[in-house]
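Residues per chain, in single letters:
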Amino acid sequence: MADSMSEMLRQDMQCEGLLECFHDLKEIDKEVFQLLSDEAEPLTVDEIGDHIDRERSTAYRSVNRLLQAGFLQKKQINYDQGGYYHVYHPRDAEDISQEMQRLLNDWYAKMGQLIAEFSETYAVEPEPESESESESESGSDSDSESKPVASPDQ
């Protein structure tokens, strides 16, 4: 983990990298998000697939990843004669940014807690060992002192 964390921190992070880091999004997901951000009106999955020149199933998987990550909103449109379809549009960029900041803050707090636990677990252990060594050394000294004192009394 240290290698991957060090490597990640050394990378020149770009905005697109942010989407990958926080939500494990793929290139196509960024393309779909950009498309929906550029469009004035929400689009169906079929329209998204047509715009990005991919099959409907591929567009659908991308839309689902973006929905799960909280980047898109889904709206149901009802037909007058019955039935419905869904259209998708991006959520407000400021709302998404604030959520990512909260995620980062939560992650930072959790990492800080794990580092503190690591320090408590591993930094404290050597101290008792050195104390027990000095106790055993001083204990053996006091044992040798008490034995001669105890043996003349007997």
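Source: prediction; values computed, not measured.

Chemist: Mind showing me how you'd approach the nonpolar core here?
Modeler: Nonpolar side chains tend toward joint burial in soluble globular proteins. If you look at the biggest cluster of nonpolar residues, it comprises 19 residues, and the most contacted ones within it are V32, L36, I48, V63, L66, F71 and L72. At 5 residues, helix α3 (residues 27–38) tops the list of elements feeding residues into this core.

Chemist: For this particular structure, what's the right way to read the environment of Y60?
Modeler: With respect to the element layout, Y60 can be found in helix α5 (residues 56–69). Spatially, the C-alpha atoms of Y60 and G49 are 8.0 Å apart, while their sequence positions differ by 11 residues.

Chemist: It is not clear to me how the pairing of strand β1 (residues 72–78) should be interpreted in this structure. Could you clarify?
Modeler: A regular strand places its side chains on the two faces of the sheet in alternate fashion. Two elements, β1 and strand β2 (residues 84–90), share 7 bridges in a ladder whose sense is antiparallel. Residue pairing for β2: I77 is matched across the bridge by Y85. In this structure, the hairpin formed by β1 and β2 is closed by a connection of 5 residues, where G82 is found at a positive phi of approximately 110°.

Chemist: What should I look at first to understand the packing of helix α4 (residues 45–52) against α5 in this one?
Modeler: A packed helix pair is summarised by two numbers, namely the angle formed by the two axes and the spacing between the axes. Where α4 meets α5, the axes come as close as 8 Å, and the angle between the chain directions of the two elements is 110°. Considered as vectors, α4 and α5 are oriented roughly perpendicular to each other. Along its contact with α4, which presents V45, D46, I48 and G49, the element α5 presents R56, A59, Y60 and V63. Taken together, the residues of the contact of α4 with α5 sort by class into 5 nonpolar, 1 polar and 2 charged.

Chemist: Just to check I follow, could you spell out a nonpolar patch on the surface for this structure?
Modeler: Residues L104, W107 and Y108 make up a contiguous nonpolar surface patch of roughly 350 Å² in combined accessible area. Structurally, W107 is set in helix α6 (residues 93–124). Overall, the relative accessible area of 39% leaves W107 in the partly exposed class.

Analysis parameters
Residues numbered from 1 in each chain as written. Predicted model: local features only at pLDDT ≥ 70, side-chain atom pairs only at ≥ 80, totals over all residues. Heavy atoms only, no water. Core = buried A, V, L, I, M, F, W, Y, C linked by side-chain atoms within 4.5 Å. Buried < 20%, exposed > 50% of the residue type's maximum accessible area, 1.4 Å probe, protein only. Helix = DSSP H or I, 4+ residues; strand = E, 2+ residues; numbered from the N terminus. Pairing = 2+ DSSP bridges. Axes fitted to C-alpha atoms, helices over the stretch in contact; angles between N-to-C directions. Parallel < 35°, antiparallel > 145°, perpendicular 65-115°, else oblique. Contact = heavy atoms within 4.5 Å. Nonpolar A, V, L, I, M, F, W, Y, C, P; charged D, E, K, R; others polar. Patch = residues over 30% accessible without salt bridge, like charges linked within 9 Å, V, L, I, M, F, W, Y side chains within 5 Å. Areas by Shrake-Rupley, 256 points an atom, 1.4 Å probe, with all protein chains shown as cover. Salt bridge = Lys/Arg side-chain N within 4 Å of Asp/Glu carboxyl O.

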